[in-house]
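If you want the building blocks of each chain, they are given just below.
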Amino acid sequence: MASKDVRFLASAVVIVSAVLLVGRLIYRGGLTLDSHTPNPMPAWEKEVKNNSKWIVVTTIQLPTKPMVTLSKLSGWSVVVVGDTKTPSTWTLPNCVFLSVERQKELNYRIHKHLPYRAYSRKNIGYLFAIRHGAKVIYETDDDNELIAKSLEEAFQVDLKKLAGNMLVYVPEKGKSTVNPYVHFGEPTVWPRGFPLSDIAYSSKPVQYNKLGSGLQPLIQQGLANGDPDVDAIYRLTRKEAGKKIVIKFDASAPPVVVPPSVMTPFNSQNTLFHYPALWGMMIPTTTTFRVCDIWRGYWAQRLNWEVGGALTFSTASVYQDRNEHDYTLDYKDEFDLYNDAGRLVKFLTEWRAPSSATGFFDVARALTADMRDAGFWKTGDVDLVNAWINDLISIGYKEPALRSPNPAAALGGATTHTPKVGMTCK
């Protein structure tokens, strides 16, 4: 081979290697190539007042009774994300309605990654709230009726005033999941997305420690009375024909913390996020509807450990009255939960952040790509997370500092709690 050909091949190898390296860095978080220029704030958005406390909802209906309740909560602002089916006349006092047209005008990078008629359009509402001063965001659905007197009563909205009775799970040896419904008096019920292989042992009594000073409850899940967020298997096997599921969780049970190294699913139906965890609200697009918020929850839960955060559960603060529908369709939509939730928990508890990561966003990109490589979602969500992070940076969100996960930091001494069992009616 001529020396000219050798030089050509060598140059080609260098170019290809560089392209592959850049691509790997983009998807694993070491480099972000972004030429996006945000639009100036539209005139209607300039009229929106900033607030530290926001509620985010997506809807395709006219204002519901639960939405009227939320709009009247003192000290909170509401942003409602519309879709192609949402009535254009949607309006309520103290609510900002983001129509499809207004969502385009915001010109967020994530917009091109979000399909229409999809729950993931809620992502635009999260960014809007953050841009307008959110330090805490509460998310719910338009059919969840608030039964607590206020969100301050239901959640730890002020982290400087943590409840003194907050407990921390002590996991069973060799187990990496815990069923939070046991703590609230329902040992035979499990949340959507809980690994099926763990249900048999999940009803056993659990042990507790008092909350120490090493963790903050940055993500907080409130439960729902009535027909709560259980999977189709529960409904198909436990629901009596012609009768509704009516579950009433123990209202006297104190909030409980899920410490690092332990996981459980949480949803997007009655959930509060504090500022250091607002990055974790991103809803993926390449999963099914019944999977998207659960996979988001596991992803955010694992990354939350990296910033010293914890997931907590509190007793029911909303009431859910679900309409009758075909649960076999839910079963099909939830198939990945049944097949992969246990595998995902194992993957996440064993996963370690790359040593090359220079900040939290690097770690988040790396986990996102690794979950893609493991088959939990697709490249579209890797692209979405990259756009999401760039949008967060553009609107002024401060990247949280990395902290080494330390399960022992949550512990403040052993204690006990006896749940009130048997609150379920069918």
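Not measured: the values here are computed from a predicted model.

1. Regarding the overall build of the protein chain
- Scanning the protein chain for helices and strands turns up 14 helices and twelve strands.
- For the protein chain, the proportion of contacts with a sequence separation of at least 24, taken over those separated by at least 6, is 79%.
- Total accessible area on the protein chain is roughly 18600 Å²; 55% of this is exposed by carbon and sulfur atoms.

2. What about helix α14 (residues 379-394)?
- Across its 16 residues, α14 extends 23 Å between first and last C-alpha, which sits within 8% of the 22 Å expected from 1.5 Å per residue.
- All of the buried residues along α14 are Asp381, Val382, Leu384, Val385, Asn386, Ala387, Trp388, Ile389, Asn390, Asp391 and Leu392.
- Among the residues trailing α14, Gly396 stands out with phi positive, at a value near 95 degrees.

3. Overview of the packing of aromatic side chains
- A full pass over the atoms with the stated rule returns 19 aromatic pairs.
- Through successive ring pairs, a cluster of aromatic residues spans Trp279, Trp299, Phe360, Phe361 and Trp377.
- The positively charged end of Lys135 is found above the aromatic ring belonging to Tyr275, 4.6 Å away from the centroid.

4. Some thoughts on the confidence of the model for the protein chain
- Averaged over every residue, the pLDDT of the protein chain is 88; the share at 70 or more is 84%.
- Contacts for the low-pLDDT stretch residues 8-31, under 50 throughout, to residues beyond four places or in other chains number 24 contacts.

5. Focus: the side chain of Arg296
- Take Arg296: it is sitting in helix α10 (residues 289-305).
- On the basis of relative accessibility, which here comes to 0%, the residue Arg296 falls in the buried class.

6. Observations regarding the nonpolar core
- If you look at the biggest cluster of nonpolar residues, it comprises 88 residues, and the most contacted ones within it are Phe128, Trp279 and Trp299.
- At nine residues, the largest contribution of residues to this core is made by α10.
- When residues no more than four places from it in sequence are discounted, the contact partners of Trp279 are Trp299, Ala300, Leu303, Asn304, Phe360, Phe361, Trp388, Leu392, Tyr397 and Pro400.
- If you look at the next biggest cluster of nonpolar residues, it comprises 23 residues, including Leu70, Cys95, Val157 and Val318.

7. Digging into the packing of helix α13 (residues 360-373) against α14
- The geometry of α13 relative to α14 is characterised by a closest axis approach of 8 Å and an angle of 165 degrees between their N-to-C directions. Relative to α14, α13 is oriented roughly antiparallel. Of the two elements, α13 crosses α14, and the hand of that crossing is right-handed. Counted together, Phe361, Ala364, Arg365, Thr368, Ala369 and Arg372 of α13 and Thr379, Asp381, Val382, Val385, Asn386, Ile389, Asn390, Leu392 and Ile393 of α14 form the full contact between these two elements.

8. Remarks on the packing of helix α12 (residues 335-350) against α13
- At a closest axis distance of 12 Å, the pairing of α12 and α13 adopts a crossing angle of 140 degrees. Classified by the angle their axes make, α12 and α13 are oblique. The two elements α12 and α13 meet at a crossing, and its hand is right-handed. On α13, the residues that touch Leu344, Phe347 and Leu348 of α12 are Leu367, Asp370 and Met371.
- Looking at the contact of α12 with α13 residue by residue, the classes come out as five nonpolar, no polar and one charged.

9. With respect to the pairing of strand β3 (residues 95-98)
- Judged by which residues are buried, β3 turns out to be covered on both faces: Cys95 and Phe97 on one side and Val96 and Leu98 on the other are all buried.
- For strand β2 (residues 77-81) and β3, the ladder comprises four bridges, and the chain directions are parallel. Bridge pairing in β3 places Val79 opposite Val96.

10. Examining the pattern of salt bridges
- Taken as a whole, this structure holds 17 salt bridges when the rule is applied.
- Counted as one network, the salt bridges with shared partners bring together Lys122, Glu139 and Arg296.

11. Observations regarding the environment of Ser176
- Mapped onto the fold, Ser176 is located in the loop between β6 (167-170) and α7 (180-183).
- Residue Ser176 is classed as partly exposed on the basis of its relative accessible area of 25%.
- Spatially, the C-alpha atoms of Ser176 and Pro260 are 9.6 Å apart, while their sequence positions differ by 84 residues.
- Leaving out residues up to four positions away in the same chain, Ser176 has contacts with Ser261, Val262, Met263, Val345 and Thr349.

12. Brief notes about unusual backbone geometry
- Positioned with a positive phi, Arg117 is a non-glycine residue whose angle comes to about 55 degrees.
- Position of Arg117 among the secondary structure elements: in the loop between α4 (100-106) and α5 (122-131).
- The backbone phi angle of Ser261 is positive, close to 90 degrees, even though this residue is not glycine.
- With respect to the helices and strands, the residue Ser261 is situated in the loop between β9 (256-258) and β10 (270-274).
- Accessibility expressed as a relative area gives 36% for Ser261, which makes it partly exposed.

13. Some words on the pairing of β2
- Counting buried positions along β2 yields five of five residues, so the element is predominantly enclosed.
- As judged from the five bridges shared by strand β1 (residues 53-58) and β2, these two strands associate in the parallel manner. Its bridge partner being in β2, Trp54 is matched across the sheet by Ser77.
- Handedness of the crossover is the feature at issue here: the chain leaves β1, passes through helix α3 (residues 65-71), returns alongside β2, and the resulting connection is right-handed.

14. A look at the side chain of Gln269
- The residue Gln269 is located in the loop between β9 and β10 in this model.
- Apart from residues lying up to four places away in sequence, Gln269 is in contact with Glu139, Thr140, Asp141, Asn144, Arg192, Asp229 and Arg322.

Parameters and conventions
Residues numbered from 1 in each chain as written. Predicted model: local features only at pLDDT ≥ 70, side-chain atom pairs only at ≥ 80, totals over all residues. Heavy atoms only, no water. Helix = DSSP H or I, 4+ residues; strand = E, 2+ residues; numbered from the N terminus. Contact = heavy atoms within 4.5 Å. Areas by Shrake-Rupley, 256 points an atom, 1.4 Å probe, with all protein chains shown as cover. Expected span 1.5 Å × (residues − 1). Buried < 20%, exposed > 50% of the residue type's maximum accessible area, 1.4 Å probe, protein only. Phe/Tyr/Trp six-rings, centres within 6.5 Å; stacked < 30°, edge-to-face > 60°. Lys NZ or Arg CZ within 6 Å of the ring centre and 35° of its normal. pLDDT = per-residue confidence, 0-100. Core = buried A, V, L, I, M, F, W, Y, C linked by side-chain atoms within 4.5 Å. Axes fitted to C-alpha atoms, helices over the stretch in contact; angles between N-to-C directions. Parallel < 35°, antiparallel > 145°, perpendicular 65-115°, else oblique. Left-handed = near helix turned anticlockwise from the far one by under 90°. Nonpolar A, V, L, I, M, F, W, Y, C, P; charged D, E, K, R; others polar. Pairing = 2+ DSSP bridges. Salt bridge = Lys/Arg side-chain N within 4 Å of Asp/Glu carboxyl O. Right-handed = clockwise from strand over helix to strand, strands pointing away.

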